[in-house]
Amino acid sequence: MRQRKFGSVGDVSVIGQGTWYIDRGDRQSAVAALRHGLDLGMTHIDTAEMYGDAEPVIAEAIVARRDEVFLVSKVLPSNASRRGTITACERSLSRLKTDHLDCYLLHWRGSYPLADTVAAFEELVRAGKIKSWGVSNFDVDDLEELKAVSGEGNIACNQVLYHLQERAIEHAVIPWCKQNGIAVVAYSPFGHNDFPHPRSGSGKILQKIADARGVTPRQVALGFLTRDQSLFAIPKAASLEHAADNAAAGQLNLSDSDLAALDNAFPRGPKPTSLPML
């Protein structure tokens with residue numbers, strides 16, 4: 001599994017493990033999939049207080065393996081006051097059965113002043129309860145405001161919706177984050193139940209590249225989404241087979257002609273008026 005610098009943090013696996021809805025299936029299968037993902041180098045595990053019982057599932061999966069994991073959780077905007085952020089973090093730590101998070105994110109922009117949330121993040125860093133912090137679903141104007149509040153080099157990442165059929169962040173968010181040394185993490189990298197159908201025009205091109213490479217279409221998609229040094233992806237896997245399929249993409253390097261074909265098959269479209277999110 002390739003690793004690369006995650007903002008100002010150390011190296012993190014290019015392909016990680018998302019956990020949204022992971023608590024809705026068979027728990028032991030989910031735990032086994034997460035552990036298999038760790039075995040295969042997908043050491044970045046992402047969760048959130050919003051994700052129901054995902055945090056306890058992860059806690060079970062990382063027993064005796066915490067040192068291997070780059071563990072991320074998120075605070076809801078409704079909890080993101082200074083005191084609320086600290087309380088939410090402590091609650092997540094308890095549910096994850098760990099004494100620290102490697103990164104803690106504001107899930108999306110809410111009504112509390114960013115200065116209050118950042119002050120809480122900094123307090124949590126000083127207390128050793130988080131090692132770094134970042135955001136999710138932030139557009140460039142929000143990022144500019146956050147940078148003005150927090151100073152240079154303190155935002156580790158921006159986690160955003162990004163898949164072949166939703167490339168809006170390429171217009172401004174990715175360039176801004178790259179310029180400012182901030183990791184961009186793609187959530188829902190296969191879309192939300194709308195991965196390209198193999199009989200569609202774009203799906204046929206995706207399949208052709210996959211066949212030529214001896215890989216799967218989903219691996220090609222992950223290869224495209226992590227093609228740049230600032231990009232990471234966190235697909236979910238609820239089975240051993242899916243975990244192995246995702247992890248294999250961590251070694252895939254698409255050619256310039258592959259990237260050009262995908263760019264043509266899945267045009268990014270015009271810049272949207274607001275940042276897409278789930």
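Residues numbered from 1 in each chain as written. Predicted model: local features only at pLDDT ≥ 70, side-chain atom pairs only at ≥ 80, totals over all residues. Heavy atoms only, no water.

### Looking at the overall build of the protein chain
Point 1. Of the regular secondary structure elements, the protein chain holds 10 helices and nine strands.
Point 2. Over its C-alpha trace the protein chain gives a radius of gyration of 18 Å, about what one expects of a compact globule, namely 19 Å for 278 residues.
Point 3. Each principal axis of the C-alpha distribution contributes one length, and for the protein chain these read about 50 × 40 × 30 Å.
Point 4. Residue burial in the protein chain is summarised as follows: out of 278 residues, 55% are buried. (Helix = DSSP H or I, 4+ residues; strand = E, 2+ residues; numbered from the N terminus. Rg over C-alpha atoms; globule rule 2.2 N^0.38 Å. Buried < 20%, exposed > 50% of the residue type's maximum accessible area, 1.4 Å probe, protein only.)

### Remarks on the packing of aromatic side chains
Any two aromatic rings considered together are summarised by their centre-to-centre distance and by the angle between their planes.
Point 1. Within this structure, the stated rule accounts for seven aromatic pairs.
Point 2. Pairing F6 with F232 gives two aromatic rings, centres 5.2 Å apart and planes at 70 degrees, and the pair type is edge-to-face. A residue pair is termed long-range when its members are at least 10 positions apart, and F6 in the loop between β1 (3-5) and β2 (11-13) and F232 in strand β9 (residues 231-233) qualify at 226 residues. An identical accessibility class is assigned to F6 and F232; each is buried.
Point 3. An angle of 15 degrees between the planes, with centres 4.8 Å apart, marks the rings of W20 and Y21 as stacked. (Phe/Tyr/Trp six-rings, centres within 6.5 Å; stacked < 30°, edge-to-face > 60°.)

### Topic: unusual backbone geometry
Point 1. Unlike most non-glycine residues, Y21 shows phi in positive territory, near 70 degrees.
Point 2. With respect to the secondary-structure elements, Y21 resides in the loop between β2 and α1 (27-39).
Point 3. Residue Y21 is classed as partly exposed on the basis of its relative accessible area of 30%.
Point 4. We note that S188 has phi near 50 degrees; this positive angle belongs to a residue other than glycine.

### Concerning the packing of helix α7 (residues 201-213) against helix α8 (residues 217-225)
Point 1. Direction vectors running N to C along α7 and α8 enclose 95 degrees, while the axes themselves pass 8 Å from each other. In terms of their interaxial angle, α7 and α8 are classed as roughly perpendicular. Contact residues: L206, Q207, I209 and A210 in α7; P217, V220 and A221 in α8. (Axes fitted to C-alpha atoms, helices over the stretch in contact; angles between N-to-C directions. Parallel < 35°, antiparallel > 145°, perpendicular 65-115°, else oblique. Contact = heavy atoms within 4.5 Å.)

### Description of the side chain of T43
Point 1. Within the element layout of this structure, T43 appears in the loop between α1 and β3 (44-46).
Point 2. Once residues lying within four places of it in the same chain are set aside, the contact partners of T43 are Q3, S13, L38, E68, V69 and F70.

### Describing the sheet that holds strand β4 (residues 70-75)
Point 1. Across the sheet, seven strands lie side by side as β3-β4-β5-β6-β7-β8-β9; this open sheet has parallel pairing. Here the strands that pair on one side only, and so sit at the sheet edges, are β3 and β9. Taking the axes of each pair of neighbouring strands and ignoring which way they run, one obtains an average angle of 25 degrees across the sheet.
Point 2. Bridging between β4 and strand β5 (residues 103-106) involves four bridges; their strand directions are parallel. By the bridge assignment, K74 is partnered in β5 with L105. (Pairing = 2+ DSSP bridges.)

### Some details on the packing of helix α4 (residues 114-126) against helix α5 (residues 140-150)
Point 1. Put simply, α4 and α5 touch, their axes get as near as 10 Å, and they point 55 degrees apart. Accordingly, the angle class assigned to the pair α4 and α5 is oblique. Pair α4 / α5 crosses with right-handed handedness. Only D142, E145, L146, V149 and S150 of α5 make contact with α4, whose side of the interface consists of L114, A115, V118 and E122.
Point 2. Here the residues of the contact of α4 with α5 sort into five nonpolar, one polar and three charged. (Left-handed = near helix turned anticlockwise from the far one by under 90°. Nonpolar A, V, L, I, M, F, W, Y, C, P; charged D, E, K, R; others polar.)

### Side note on the pattern of salt bridges
Point 1. For the coordinates displayed, the defined rule picks out 18 salt bridges.
Point 2. D102 is the partner of R66 in a salt bridge, and the nearest nitrogen-oxygen pair spans 3.0 Å. In this pair, R66 is assigned in the loop between α2 (54-61) and β4 and D102 in the loop between α3 (82-96) and β5, connecting sequence segments 36 residues apart. For the pair shown, R66 and D102 are each scored as buried.
Point 3. Via salt bridges that share partners, R167, E170, R227 and D263 belong to a single interconnected network. (Salt bridge = Lys/Arg side-chain N within 4 Å of Asp/Glu carboxyl O.)

### As for helix α10 (residues 256-265)
Residue pairs spaced three or four apart in an α-helix point in one direction, given the helix's 3.6 residues per turn.
Point 1. Every buried residue of α10 is listed here: D258, L259, L262 and A265. What you see down the axis of α10 is that its buried residues fit within an arc of 130 degrees, all on one side. Among the exposed residues of α10, those oriented more than 90 degrees off its buried face are D256, S257 and N264.
Point 2. Considering only its buried residues, α10 is in contact with α7 and α8. (Arc of directions from axis to C-beta.)

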